[in-house]
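Analysis of the macromolecular model
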Amino acid sequence: DFDIVALGEPLVEMNQTHKGQLQYLQGFGGDTSNAVIAAARQGARCAYLTRVGNDAFGAQFLDLWASEGVDTSGVQRDDDAHTGLYFVQHGPDGHAFSYLRRGSAASLMTPALLDSGLIERSQFLHVSGISMAISTSACDTVFAAIERAHAAGAQVSLDSNLRLRLWPVDRARAILRETMREADLFLPSMDDMQHLTGNDDPERTLDWIRDGGAAGVVVLKLGKDGSIIDDGKTRTPVAALRVDAVDATGAGDCFAGSLLARRCQGDSWEDAVRYANAAAALSTLGYGAVDPLPRTEQVLARLKSLAE
Ligand code: KDG
């Protein structure tokens, strides 16, 4: 059985190697895939639910997940649709994404993807705003997955991951509001929430989330200012780690996967968030979303050096 099963879209990553030059290094990305690989590297037993093309990239993803110990028995292949792709360019204002994903295999997923029964065998189901934004059938699949998780007693984890290139803000707000009510763990970023609510105050944002009916634990991510854990009774700030980031792609996904992995290993929310902060910081020290995802030993060493 599994600690975490994630559901969403993996994307091939083409990452610019030098600012301003037309050279790209191929890697792997896709928020929920990154999260589940991060969790597996922290020792969690993981599975992934998606649909990839019957192309070379789909095959590479299956190899990647297998090599990371992520179960792929629920992954479907599509003969007629491609695996999604994005380019990352690094400039003075950080990174910029260009996507080639419309009509991708993952966007063609339907609730039949869930018949593998993996959700029923997992402690957590992890989904994101992107999982729901890529298409209406993917959105239906996420809602069906949440229903299955509730019925089976699995907990639901939701990362806001707002991508306004994928859906209009009004739809994003309506769907995310509905989904956050179903989540046992909601992981919004302050940036995403600012787009949805129009305010930039963390306390008021947490009030908006609670007033909207979220009943689970909420971890609001404030970037450089760390995060706030709201367990429904108290709000606890946790400081971020300062690092000289090279490439922040996938840091939030690493945070989510590491947090879930540590919860499955019995950490308190505060310990798990502190651990996830360290893991996410380490994940920004190399290029690409997956390559620099740290392992337990590195994260523990980092936490130890901070405590000294
Ligand atoms: O969080 C990193 C992701 O943004 C990246 O891997 C691509 O999933 C992705 C997306 O849709 O933006």
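The structure this text deals with has already been given above.
Residues numbered from 1 in each chain as written. Predicted model: local features only at pLDDT ≥ 70, side-chain atom pairs only at ≥ 80, totals over all residues. Heavy atoms only, no water.

1. A look at the overall build of the chain
Condition: Secondary structure elements follow DSSP: runs of H or I no shorter than four residues count as helices, runs of E no shorter than two count as strands, and numbering proceeds from the N terminus. The globule rule is 2.2 Å times the number of residues to the power 0.38, and the radius of gyration it is compared with is taken over C-alpha atoms. A simple rule labels every residue: compare its accessible area, found with a 1.4 Å probe on the protein chains alone, to the largest value its type can have, and call it buried under 20%, exposed over 50%, or partly exposed in between. Any pair of residues with heavy atoms lying within 4.5 Å of one another is described as a contacting pair. Residue burial considers only the protein chains on display, and all accessible areas are found by Shrake-Rupley using a 1.4 Å probe. Under the convention used here, Asp and Glu are negative, Lys and Arg are positive, and both His and the chain ends fall outside the count. Charge placement uses NZ in Lys and CZ in Arg. For Asp and Glu, CG and CD serve respectively.
Secondary structure assignment for the chain yields 10 helices and 15 strands. A globule of 308 residues ought to have a C-alpha radius of gyration of about 19 Å, and the chain, at 18 Å, matches this closely. Considering only C-alpha atoms, the chain reaches an extent of 50 × 45 × 40 Å along its principal axes. Within the span of the chain, comprising 308 residues, buried residues form 56% of the whole. If you take every contact in the chain between residues at least 6 apart in sequence, the share linking residues at least 24 apart comes to 71%. Carbon and sulfur atoms form 48% of the exposed surface of the chain, whose accessible area is close to 12800 Å². Charged side chains of the chain number 28 positive and 41 negative; the gap between the two group centres comes to 2 Å.

2. So, the sheet that holds strand 14 (residues 227-230)
As a reminder, the rule being used: Strands pair, by our definition, only if DSSP identifies at least two bridges between them. Axis definition: a line fitted to C-alpha atoms, limited for helices to the stretch in contact. Angles are taken between N-to-C directions and run from 0 to 180 degrees.
Strands sit in the order 6-4-1-10-11-12-13-14-15 across an open sheet of 9 strands; the sheet is mixed. A strand with exactly one partner marks an edge of an open sheet, and here the two such strands are strand 6 (70-71) and strand 15 (235-238). As judged from the 4 bridges shared by strand 1 (residues 2-7) and strand 10 (residues 122-128), these two strands associate in the parallel manner. Within strand 10, the position partnered with Phe-2 by the bridge is Ser-122. Each of strand 12 (185-187), strand 13 (217-221), strand 14 and strand 15 is contacted by helix 7 (residues 202-211), which is oriented at about 145° to strand 13, the strand it contacts most.

3. Some points on unusual backbone geometry
In the Ramachandran plot, Asn-161 falls in the positive-phi region, its phi being about 25° despite a non-glycine side chain. Here Asn-161 lies in the loop between strand 11 (155-159) and helix 5 (169-182).

4. Brief notes about the packing of helix 1 (residues 31-41) against helix 8 (residues 251-264)
Which entries qualify depends on this criterion: Small angles under 35 degrees read as roughly parallel and large ones over 145 as roughly antiparallel, with 65 to 115 read as roughly perpendicular and the rest as oblique. By convention the crossing between two helices is left-handed if the near helix lies anticlockwise of the far one by an angle smaller than a right angle, and right-handed if it lies clockwise. All residues other than Ala, Val, Leu, Ile, Met, Phe, Trp, Tyr, Cys, Pro, Asp, Glu, Lys and Arg, Gly among them, are scored as polar; the first ten of these are nonpolar and the last four charged.
Between helix 1 and helix 8, whose axes approach to 7 Å, the crossing angle comes to 40°. Considered as vectors, helix 1 and helix 8 are oriented oblique to each other. Crossing of helix 1 against helix 8: the hand is right-handed. Each of Asp-31, Asn-34, Ala-35, Ala-38 and Ala-39 in helix 1 lies in contact with helix 8, whose residues at this interface are Asp-253, Cys-254, Gly-257, Ser-258 and Ala-261. When its residues are assigned to classes, the contact of helix 1 with helix 8 shows 5 nonpolar, 3 polar and 2 charged.

5. Considerations on the site of the ligand
Filter applied, for reference: Residues are labelled near a given molecule or strand when at least one of their non-hydrogen atoms is within 4 Å of it. Polar contacts, as used here, are pairs of N or O atoms within 3.5 Å; protein pairs need one atom able to donate a hydrogen and one able to accept it. Residues neighboring in sequence count only if both atoms are side-chain atoms. Two kinds of site are reported from a 1 Å grid over the protein atoms alone, namely cavities, where a 1.4 Å probe fits but cannot get out, and pockets, open sets with protein on both sides within 12 Å along at least five of seven lines, and residues are called lining when an atom falls within 4 Å of a point. Pocket or cavity membership: a molecule qualifies when more than half of its atoms sit within 2 Å of the grid points of that site.
Taken together, the residues surrounding the ligand are Leu-11, Gly-29, Gly-30, Asp-31, Asn-34, Tyr-86, Tyr-99, Arg-101, Ile-130, Arg-163, Gly-250 and Asp-253. Asp-31 has a polar backbone atom sitting 2.8 Å from an oxygen atom of the ligand. At 2.9 Å from an oxygen atom of the ligand is found a side-chain nitrogen or oxygen belonging to Arg-101. Compared with its free state, where it exposes 320 Å², the ligand has 96% of that area covered by protein. Its atoms largely coinciding with the cavity grid, the ligand occupies the largest pocket. When grouped by side-chain class, the residues that make up the shell around the ligand number 4 nonpolar, 4 polar and 4 charged.

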